[in-house]
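Chain by chain, the residues run as shown.
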Amino acid sequence: MNPTLPHPIFHQANTWFYSRSQPAPDRQELVSALLQLEKQSRQERWRFTPTDLHGTWRLAFVTGTLRSQKNAGKILGPGRFLPRWLEITIRYTPLAELDPDLDSDERYGAVFNKVAIAGNQLELRGPTELLTNKTVLAFDFTRLRLNFLGKDLLNRSVGGGLSRETEFFSLPIKNKVFFNYFWVSPEAIAARGKGGGLALWLRSQTS
């Protein structure tokens, strides 16, 4: 079982990000806490189920990829919080919720990644698969929806999306984008991306 907000700085990040009622967390301390969680996750072999991820999560803090960290050096710094006016959320749901006739295997699901600014929304959707080690979640974005002032301007597959959806589950992991989740709790989730960057999402308070 993953710990719930195991370090005070995560509670501080959650409170500050949504209410600004206390000082912002120190970014270097936050990165250090994430790295410690990642190490602990490997040592104790933490695992999660797709159900643990279900719901909507708001991206709050990111670091660059390993390559960008190396190239940018001190310019990049220890990571950054996203501005509150930029709402980036990720939502995981079982396939059966979208269509009862779809595969009910809990390893398979769907992901919705939404970027919202001033009420305008860009949403990408696609399939997900929890790999056998139960920490790596592979995904692909195969459909796009663009909503402007409450009206859908686009809602279609992208980049050969329909065929990619069919091929997705048979592709090797090296050909997929993925997050390696090392912390999954009711309040927040954290992962390392394929490029090596770290990301922290907080449970959405608006979705």
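Starting from 1, residues in each chain are numbered consecutively following that chain's sequence as written. The predicted nature of this model means local features are confined to residues of pLDDT at least 70 and side-chain atom pairs, given and counted, to a pLDDT of 80 or more, with totals for whole chains, interfaces and linings taken over all residues. To obtain the side-chain values, all non-hydrogen atoms of the structure were included, while hydrogens and water were left out.

Engineer: Go over unusual backbone geometry, please, and point to the residues and values.
Structural biologist: Despite not being glycine, Ala 118 has its phi angle at roughly 50°, a positive value. Topologically, Ala 118 is positioned in the loop between β4 (108-117) and β5 (120-130). Within the chain, Leu 149 stands out as a residue other than glycine whose phi angle is a positive 55°. Helical segments are the DSSP runs of H or I of at least four residues, strand segments are the runs of E of at least two, and each set is numbered from the N terminus. With respect to the helices, strands and loops of the structure, Leu 149 is situated in the loop between β7 (143-148) and β8 (151-157).

Engineer: Describe in detail the environment of Gly 119, supporting the description with residues and values.
Structural biologist: Following the sequence through the fold, Gly 119 ends up in the loop between β4 and β5. Judged by relative accessible area, Gly 119 falls into the exposed class, the value being 51%. Residues Gly 119 and Glu 87, 32 residues apart in the sequence, show an inter-C-alpha distance of 9.7 Å. Whether a residue is buried, partly exposed or exposed follows from its accessible area with a 1.4 Å probe, protein chains only, as a fraction of its type maximum: under 20%, in between, or over 50%, in that order.

Engineer: Quick one: what's the story with the environment of Thr 15, residue by residue and with numbers?
Structural biologist: Assignment of secondary structure puts Thr 15 in helix α1 (residues 8-19). Remark: the alpha-carbon pair of Thr 15 and Pro 25, spanning 10 residues in sequence, is separated by 9.9 Å. Contact criterion: two residues are considered in contact whenever any of their non-hydrogen atoms come within 4.5 Å of each other. The residues touching Thr 15, leaving out its near neighbours within four places in the chain, are Arg 20, Ser 21 and Gln 22.

Engineer: Describe in detail empty space enclosed by the protein, supporting the description with residues and values.
Structural biologist: Where empty space is left can be seen by rolling a probe of water-molecule size over the atoms. Both site types are read off a 1 Å grid over the protein atoms alone. A 1.4 Å probe that fits but cannot get out defines a cavity, while an open set with protein on both sides within 12 Å along at least five of seven lines defines a pocket; lining residues have an atom within 4 Å of a point. Grid points are joined across faces, edges and corners, and a volume is the space filled by probe spheres set on the points. Taken as a whole and assessed by the stated rule, the structure comprises 1 cavity of 30 Å³ or more. In this structure, the largest cavity spans a volume of roughly 80 Å³. Forming the walls of the largest cavity are 13 residues, and the residues nearest its centre are Pro 50, His 54, Tyr 92, Thr 128 and Leu 137. Of all the secondary structure elements, the ones that give two or more residues to the lining of the largest cavity are α3 (50-53), β3 (87-94), β4 and β5. Here the lining of the largest cavity is composed, by residue class, of 7 nonpolar, 4 polar and 2 charged. Any residue that is not Ala, Val, Leu, Ile, Met, Phe, Trp, Tyr, Cys, Pro, Asp, Glu, Lys or Arg is counted as polar, Gly included; the first ten are nonpolar and the last four charged.

Engineer: Tell me about the packing of aromatic side chains, residues and numbers included.
Structural biologist: Each aromatic ring pair is described using two quantities: the centre-to-centre distance and the angle formed by the ring planes. Stacked, tilted and edge-to-face pairs are distinguished by plane angle, under 30 degrees for stacked and over 60 for edge-to-face with tilted covering the rest, among Phe, Tyr and Trp rings (Trp via its six-membered ring) whose centres lie within 6.5 Å. Counting across every chain of the model gives 13 aromatic pairs. A centroid spacing of 4.8 Å and a plane angle of 50° characterise the contact between Phe 10 and Trp 183, whose relative ring orientation is tilted. With Phe 10 in helix α1 and Trp 183 in strand β9 (residues 177-184), this pair connects stretches of sequence that are 173 residues apart. One aromatic cluster is present, built from ring pairs that chain together Phe 48, Tyr 92, Phe 139, Phe 141, Phe 179, Tyr 181 and Trp 201. The ring of Trp 16 is capped by Arg 20, whose NZ or CZ atom sits 3.9 Å from the centre of that ring. The ring of Trp 57 carries the charged tip of Arg 203 above its face, separated from the ring centre by 3.9 Å. In our convention, an over-ring charge means Lys NZ or Arg CZ found within 6 Å of a ring centre and within 35 degrees of that ring's normal.

Engineer: Pulling in residues and values, what's your account of the nonpolar core?
Structural biologist: Counting residues in hydrophobic clusters, the biggest one holds 22 residues, and the most contacted among them are Phe 10, Leu 30, Leu 34, Trp 183 and Leu 200. For this core, the elements supplying multiple residues, two or more each, are α1, α2 (27-44), β1 (55-62), β9, β10 (188-193) and β11 (198-203). By residue number, the principal contributor to this core is α1, which donates 6 residues. The term nonpolar core refers to a set of buried residues drawn from Ala, Val, Leu, Ile, Met, Phe, Trp, Tyr and Cys, joined through side-chain atoms within 4.5 Å. Formed by 20 residues, the second largest nonpolar core is a distinct cluster that contains Leu 53, Tyr 92, Leu 137 and Ala 191.

Engineer: Explain the pairing of β1 residue by residue, including any values.
Structural biologist: Burial analysis of β1 places 6 of its 8 residues in the buried class, which makes it a mostly covered element. In this sheet, β3 lies alongside β1 in antiparallel orientation, the contact comprising 4 bridges. Bridge assignment links Gly 55 to a residue of β3, and that residue is Tyr 92. Here, strands pair whenever DSSP counts at least two bridges between them. As paired strands, β1 and β11 are joined by 5 bridges and run antiparallel to one another. Paired with Phe 61 across the two strands is Leu 200, which belongs to β11. With 2 bridges connecting them, β1 and strand β2 (residues 80-81) associate as antiparallel partners. The residue of β2 that forms the bridge with Val 62 is Arg 80.

Just geometry here; none of it tells us what the structure is for.
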